[in-house]
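The residues making up each chain are set out below.
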Amino acid sequence: MAAIEELGIESAGLENQDYWSALSQTHWQKARKPGKVRSDVIKKEIWDVLEVEDFALHSLLQLESLQILENYLWPGYHDDSINHHVLLIAFLVATKSHANVPAWDLFSDDLVRFSSLFRRVLSISLDTSVSTKIRTHLLSFLLSAFQSLDNGLIRRECAPLVSISTWHNLSSEAARERRFEEHTQLRKAWRASTKRYEAAEEDIQAKLRFERSWLYTLLLDFISRLWDGEGEDVTYCERFLEFLTDLESQLPTRRYVNTLLQDMNLLAVLRLSPMFNNQGNGLLRDLFILFRHFVNFPIDDNTGTQYSKAQAYEKHYEKLARLQRVALKSFKSKLTILALSNYGAIDKRNDLESQLSDLTDQELHELCSLLGYRTLYPVAVRLEVNRTFFIEVLVQAYERRKTFQEAIRDLTIQPTETELYDESLVRNETYDGAQSLAIPKLNLQYLSVGDFLWRSFILYRCEQFFEIRKYLEDIIKRLQPEHTNSGPIRFGGFSKLALPISKPAILEAAPPKVGYDKPAYVRAEIVLNVSKLADTVVRDWDSLRPEDVIYLLAVRPTEDSRDSMNGQSDHKNPMPTGFLTLRTAEVVQVLDEHSRPLREHVLNEVNGYGKRPRMRRLLVNLDPVAFRADTEFKDKGKPDVYESLNVIVRRSQRENNWKRVLETIQRLALSDVPMPGWLQEVFLGYGDPTSASYTRLENRIEAVDFQDTFIDWDHLVESFPGRVIEMEDEGVQTSGPPFVLRTSKLPAESAPRSSRKRRRNEDAPPQQTAESIGVSTYKSPPNGPYPIDVPNKNRVRFTPIQVEAIESGTQPGLTVVVGPPGTGKTDVATQIINNIYHDFPSQRTLLIAHSNQALNQLFQKIMALDIDGRHLLRLGQGEGDLESAESFSKYGRVESFLDNRAYLLAEVNRLATNFGAPGAHGSSCETAGYFNLVYVHPAWSRFWDTANNVDSTSERIREAFPFHHYFQNTPEPLFPPNASKDEIIEVIKGCENHITKIFTSLEDIRPFEILRSNKDRTNYLMVKEARIIAMTTTHAAMRRQEIADLGFHYDNVIMEEAAQITEIESFIPLAMQKSQAAELPLQRVVLCGDHLQNSPIIQNMAFRQFANLEQSLFLRFVRLGVPTITLDHQGRARPSIAKLYRWRYPDLKNLPNVSSKSEYLQANAGFKYEYQFIDVPDYKGVGEAQPSPHFYQNLGEAEYAVAIYQYMRLLGYSASSISILTMYAGQRALIRDVLGHRCAKNRLFGLPRLVTTVDKYQGEQNDYIILSLTRTRQPGYLRDTRRLTVALSRARLGLYILGRRSVFQSLPEFAEAFTLPMQRPEKLQLTTGETFPTQRLLEAEVESTEMAGVEHLGQYVFEMTQAKVEMLRKAGTALPPQDADMDVANDEEQGEVDALVEAEEEPEEPEGLGDVT
């Protein structure tokens, strides 16, 4: 979600904003004929101005925000448009991509003109007369195009450029023939391409020749620049290398391009080029490493099959064998040793260079030719083809390289200062959206699962190291290290997250494990002086848990920070923070000052006074890799790193899980974890995107038991509009649920498939849809006579689309449910879980959500269904927040089993009393089982013999019932008076079910009786007993290996808020078990989310925007064309408020409840409108402020928001029904400050339910929302329409938006969203004489009072407050109590705010508008 201000250039071009605004008013915003474009305006008034600025990004962004592309450039484009016109369109498209604004939708209505435009861009990109700067911008356009291959319009233009026709540019026919011999279908594709060319008209042939030579021409130009270029050429080459890497990283573009690049010896050319060997071009060298990784990735380019480690080495050895054969045959006298050596002796660079050194230049040339390598290049390329070149070509071809798994294995997970300040990582921090970066991207498609895991590991590692570095720098800034006269460093500041320490004491370095060269572990002790710390701070340090990561720093005052304490920390550009050394460690145990284990923080206080703890001792395990390196440096005479460590730092547990997550990704990448066969191609992005849907799978279930999905027969019929419903059983219509649905005719997937592969942009072939649905029913087992025997039933009357989603989720396969705001996607997920639970008793389901809050909401709805609590398990810390008297954690479930055991055994004793059976039958589950076999089973057998006798009367059956004594405590008489024989039998069957459940439950509990340790019991619970297991993505990532090693298995994954989960976080829950038969045994994957709302939050712009780390698996599936089910009825908001975001969901309708319930029909007391956009001008001459980068505040809007809240409270609104949202953390902190000053201590007001950012509030709702947009110059974050959708859809009954109208009314992204609010007055309209709740209807006309501004409203509220206080004083009435459920922020948010506010200068306290004490 890249906001424009994050590009760091917003204020740089303020002087030109007036110029561009005036130009837009003249030529396209107010022009009568905006489609007519004058060439002189394009050249002189736009292009020349941009050229003078060197095409500054801030000006391009300004033009983009003024809609020049939509309203001027594209409408006025035609075949005769000048090149500057074409270039401007290309530049603006690239700018849109940088700002994460949809770039291609504009062109979809005119394919012919767009094809003309695209072809002209391609032609200009080859024009050597065009400046390098301009061609670099065109590469940005092309990068954006090739990253948007999910768009059919773009794919149509890009695909021919990377097709098999590019092989016309291979060095020889022999090179093509070798490829054809590897895959025979390639020859067929080549012949088809040739025939298509030969059959075409002359103009089409010219077009085809251009397409097949375009990339080759660019490559030759690239090589020339590598050898002769400088200055702007370096930037161009970096961008072009990024472009080639993108082509290599996706199979559709790699398939033929990789052969061409290898044929041109591009790796050797790059490595020998002067530009590469210039030490100042570090980015180019890093890009080369990334490019080389993809060129040599172990995959079959044609089939997409990834080679295993053994297969990759076998391919490598086959190449070496060919080299040896050619060497022995043609150069026997000089290469005999090479020909006869084992492979390990000739696949290293030094060995190869040594072996080849005996050959002359001509012989090297001949050897390369015999091996099929290109030795001739066009003269214009100016490439030096000499001895060095030939040797490098051979070395690049035959050198043995690490596989990507080996590369991941060798990367350290625990950072030192060297990794944190690595040049490539620091470079990512300065990313402004305009340059290339040497990091992998998350694309629409991946080469393999291993490729996906490699990219995810690299990116997650870089992101976490970046966050750690920024965090530690902030901590050091707060500590303020200073020199002292006595020598030691003194810290003038303070942070509760850091403490000064003396050097750690190394206790033990365990010998390395077999096969490793690092110590098994390095144990150390660190002493913490806590005598002067506040109790809350001591408590925080005491809460450190085993495996928590801590950070040990060597800190010096800023002027000394350039001096290195060891050879590893000599940075070229050290950050001026005093940061010298970093070592990480894992906590083993926290000890008190007497070296006793500290289990919990206890103060020995008497009457509030007591002895404070003086110290704590931390036993930790140091990073063994860093320790081994440090020891080697010390042995060489370098200073001891650990002598210099003087600060220990901790992080909150929520932020400190990175190490275990990285270890999980690393293990997955090393294990070659497979995907389910039915999901593999869809996950990688290849093949038919519908292939994983249940309609396309062979194991589709023909008859589905929908359990209690349908309320009644009418509901069932309503759920399948246009379908014929056939009753397979008599009385189905009157019997009620459960219903079993059988599709009479399956879709025609079994029909012969076309040999032509369907593209994603093409419609699916017509299918024969099911014409009718057969419905049958069955009688549910009778319930027992006790209330606990009555199952909970579904009460939601699902809509047809919801039923479709439930049906798809109950069937095997992939289900993607898009849930717009308020459409009940959680209810859908809950019902899917319920159906799976009852229909497939042997299957287990894993529930996943990103946040504890979302997971608990889903879990609590599951608890309310007919699901046995003993089969539910909630893992992770969030379990404590469940609103339940029972504990569903591992240990809580074990305790529940044992408590239930005591109750059930007491019931067995009652049964024994019923029979008068002596003995301790209820002493254990085992004795209860014997009792069941000896007494209960025979009693039932005898009874049913009597009951089934046709001569038995009702009275005889009553008398024969053997459990009268046991059931004497039923709340109602067991047998109703005058009950018929069938009714009596029905009651008795319910009694039998009740008793049977007692013994089946005891049988399930028996293992917990046998197992003695809590660990064994909890492991058994998770692996064997629990059938619905819930955990967050973080818990899954942290505990994946531990859970899989237990033998944990599951069949289904249901993921809530999936659009907010990164791809790797979505993948890990799919791989929480060990594979079976080289495949994960998953039956179902259900993803519920909304890609039109917020995506995963990634803080660093480089990882978010360039690497696309914010991409979710949910969004990628949508882009790939995977079938989705979009829920279409909302029941959250007033219909009028729902209209504010219906532009994002055109098919969204309203449920009957929002049109009939009184709360939706009544107006908001004191307000004329239920929603309003209130224009907030500068307050005291100031609009938005930015006290620190990206920390935006607006005092006027903060005061306005608080004044509206006070007004509502005075009218009687509940504080818990009001939330205040804003777009920025800075504004959130300011609003909280104003609330604390004005409302917190005043019981007339109190605090609202929540004050938070829009990002934190996704998935939440409240009756009334006050929204502060904050910005007064640029729209900022709201340019991302996903965030805007969230902001407008949180309110149920009232939404009051505070912002600057002039900023938000002009941009196309806001046109539809703010059309309705902008039609209402810009000043707040209040109604007098009302209190909450009002009986006035929403549509009623009413007189209103206009608030001129925040000062006017503040005075109005002040007077109301004085009047109310006086009224209460006269009446002798106490002030109202504060709401019990009010909360300014949850702990996680408040922790973030504390960290942020401590780092920044405290904002000035706003002046009051009338304080009330």
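So, how was this worked out
Residues numbered from 1 in each chain as written. Predicted model: local features only at pLDDT ≥ 70, side-chain atom pairs only at ≥ 80, totals over all residues. Heavy atoms only, no water. Helix = DSSP H or I, 4+ residues; strand = E, 2+ residues; numbered from the N terminus. Rg over C-alpha atoms; globule rule 2.2 N^0.38 Å. Buried < 20%, exposed > 50% of the residue type's maximum accessible area, 1.4 Å probe, protein only. Areas by Shrake-Rupley, 256 points an atom, 1.4 Å probe, with all protein chains shown as cover. Lys, Arg positive; Asp, Glu negative; His and termini not counted. Charge placed at Lys NZ, Arg CZ, Asp CG, Glu CD. Salt bridge = Lys/Arg side-chain N within 4 Å of Asp/Glu carboxyl O. Contact = heavy atoms within 4.5 Å. Polar contact = N/O pair within 3.5 Å; in protein donor to acceptor, adjacent residues only side chain to side chain. Pairing = 2+ DSSP bridges. Axes fitted to C-alpha atoms, helices over the stretch in contact; angles between N-to-C directions. Expected span 1.5 Å × (residues − 1). Parallel < 35°, antiparallel > 145°, perpendicular 65-115°, else oblique. Left-handed = near helix turned anticlockwise from the far one by under 90°. Nonpolar A, V, L, I, M, F, W, Y, C, P; charged D, E, K, R; others polar. pLDDT = per-residue confidence, 0-100. Core = buried A, V, L, I, M, F, W, Y, C linked by side-chain atoms within 4.5 Å. Patch = residues over 30% accessible without salt bridge, like charges linked within 9 Å, V, L, I, M, F, W, Y side chains within 5 Å. Phe/Tyr/Trp six-rings, centres within 6.5 Å; stacked < 30°, edge-to-face > 60°. Lys NZ or Arg CZ within 6 Å of the ring centre and 35° of its normal.

A. Geometry of the overall build of the chain. When helices and strands are tallied, the chain shows 55 helices and 33 strands. Rg of the C-alpha trace for the chain: 36 Å, near the compact-globule value of 35 Å for 1413 residues, within the 12% margin. With the C-alpha coordinates aligned to their principal axes, the bounding extent of the chain is approximately 110 × 80 × 80 Å. Counting every position in the chain, which comprises 1413 residues, the buried fraction comes to 57%. With the model as given, the accessible surface of the chain reaches about 59800 Å², and the carbon-plus-sulfur share is 49%. A gap of 3 Å separates the mean positions of the 163 positive and 192 negative side-chain charges of the chain.

B. Geometry of the side chain of Arg 651. With respect to the secondary-structure elements, Arg 651 resides in the loop between β11 (647-649) and α29 (658-670). Among buried charged residues, Arg 651 stands out as having no salt bridge; its nearest opposite-charge side chain is Glu 655, 4.2 Å away. If we ignore the near neighbours within four places in the chain, the residues touching Arg 651 are Glu 467, Ile 468, Tyr 471, Tyr 551, Asn 656 and Trp 658.

C. Up close: the side chain of Thr 810. Along the chain, Thr 810 turns up in helix α33 (residues 800-810). On the basis of relative accessibility, which here comes to 2%, the residue Thr 810 falls in the buried class. A polar atom in the side chain of Thr 810 sits 2.7 Å from the backbone oxygen of Ile 806.

D. Here's a closer look at the pattern of salt bridges. This structure, assessed with the given rule, holds 86 salt bridges. Between Asp 221 and Arg 135 there is a salt bridge whose closest N-O contact spans 3.4 Å. Taken together, the residues span a long stretch of sequence, with Asp 221 in helix α11 (residues 202-228) and Arg 135 in helix α7 (residues 132-146) at a distance of 86 residues. Accessibility assignment for this pair places Asp 221 and Arg 135 in one class, buried.

E. Molecular detail of the sheet that holds strand β5 (residues 522-529). Strand order in the open sheet made by the 7 strands is β3-β11-β6-β7-β10-β5-β4, with antiparallel pairing throughout. Here the strands that pair on one side only, and so sit at the sheet edges, are β3 (498-500) and β4 (505-509). Within the sheet, the average angular offset between the axes of one strand and its neighbour, ignoring direction, is 35°. Summarising the sheet, β5 and strand β10 (residues 615-622) pair through 8 bridges and their orientation is antiparallel. Residue pairing in the sheet places Glu 525 in a bridge with Leu 619 of β10.

F. Spotlight on α7. A rise of 1.5 Å per residue sets the reference length of α7, with its 15 residues, at 21 Å; its end C-alpha atoms lie 21 Å apart and thus fit the reference within 8%. Among the 15 residues that make up α7, 14 are buried, leaving the element largely enclosed by the rest of the structure.

G. Highlighting the packing of helix α6 (residues 111-126) against α11. In contact at an axis separation of 10 Å, α6 and α11 are set at 40° when each is read in the N-to-C sense. Here α11 runs oblique to α6, going by the angle between their axes. Crossing angle aside, the handedness with which α6 passes α11 is left-handed. Contacts between α6 and α11 involve Arg 119, Leu 122, Ser 123, Ser 125 and Leu 126 on the former and, on the latter, Lys 207, Phe 210, Glu 211, Trp 214, Thr 217 and Leu 218. Grouping the amino acids of the contact of α6 with α11 by side-chain chemistry returns 5 nonpolar, 3 polar and 3 charged.

H. Up close: the pairing of strand β7 (residues 579-591). With respect to burial, β7 is a largely interior element, 11 of its 13 residues being buried. One ladder, built from 7 bridges, connects strand β6 (residues 549-555) with β7; its direction is antiparallel. Bridging across to β7, Leu 552 finds its partner in Arg 583.

I. Quick peek at helix α17 (residues 309-330). The terminal C-alpha atoms of α17, which comprises 22 residues, lie 32 Å apart, in line with the 32 Å expected from a rise of 1.5 Å per residue. By the burial criterion, the buried members of α17 are Ala 312, Tyr 313, His 316, Leu 320, Ala 321, Leu 323, Gln 324, Val 326 and Ala 327.

J. The confidence of the model for the chain, seen in detail. Per-residue pLDDT for the chain averages 87, and the proportion of residues at 70 or more is 91%. Note that pLDDT drops below 50 for residues 561-576; the model gives that stretch 33 contacts with residues more than four away or on any other chain. Low pLDDT, under 50, characterises residues 1380-1413; the predicted model gives this stretch 77 contacts beyond four residues in sequence or across chains.

K. Looking closely at the nonpolar core. Counting residues in hydrophobic clusters, the biggest one holds 144 residues, and the most contacted among them are Leu 472, Leu 814, Phe 961, Phe 963, Phe 999 and Phe 1067. Here the element with the most residues in this core is helix α25 (residues 449-479); it accounts for 17 residues. If we skip the residues at most four places from it in the chain, Phe 1067 touches Val 449, Phe 452, Leu 453, Leu 668, Val 673, Met 675 and Phe 683. Judged by nonpolar contacts, the second largest core, of 124 residues, contains Phe 141, Trp 227, Leu 260 and Val 269.

L. Geometry of a nonpolar patch on the surface. Together, Tyr 930, Leu 933 and Val 934 make up an exposed nonpolar region whose accessible area comes to about 330 Å². A residue is classified by how much of its surface remains accessible, and Leu 933, at 53% relative accessible area, is exposed.

M. Broad picture of the sheet that holds strand β31 (residues 1291-1299). The 5 strands are arranged β25-β31-β30-β28-β29 in an open sheet whose pairing can be described as parallel. In this open sheet, the two edge strands, each paired with only one partner strand, are β25 (1171-1175) and β29 (1250-1253). Each strand axis lies, on average, 20° off the axis of its neighbour in the sheet, ignoring direction. Pairing of strand β28 (residues 1218-1222) with strand β30 (residues 1262-1268) involves 5 bridges; the strand directions are parallel. Residue Thr 1222 lies in a different strand from β30, and its bridge partner there is Ser 1268. Across the sheet, helix α48 (residues 1195-1211) touches β25, β28, β30 and β31, and the angle it forms with β30 is around 155°.

N. Inspection of the environment of Thr 136 at higher detail. Looking at where Thr 136 falls in the secondary structure, it is placed in helix α7. In sequence terms Thr 136 and Pro 274 are 138 residues apart; their C-alpha atoms lie 20 Å from each other. In this view, Thr 136 contacts Thr 235, Tyr 236 and Arg 239; residues no more than four positions away in its chain are not counted.

O. Focus on the packing of aromatic side chains. A full pass over the atoms with the stated rule returns 69 aromatic pairs. An angle of 85° between the planes, with centres 5.8 Å apart, marks the rings of Phe 961 and Phe 975 as edge-to-face. One end of the pair, Phe 961, is in the loop between α38 (954-960) and α39 (981-1010); the other, Phe 975, is in the loop between α38 and α39, and 14 residues separate them in sequence. Here Phe 961 matches Phe 975 in class, with each residue buried. Seen from the ring of Tyr 1171, Arg 1320 lies directly overhead, with NZ or CZ sitting 3.9 Å from the centre.

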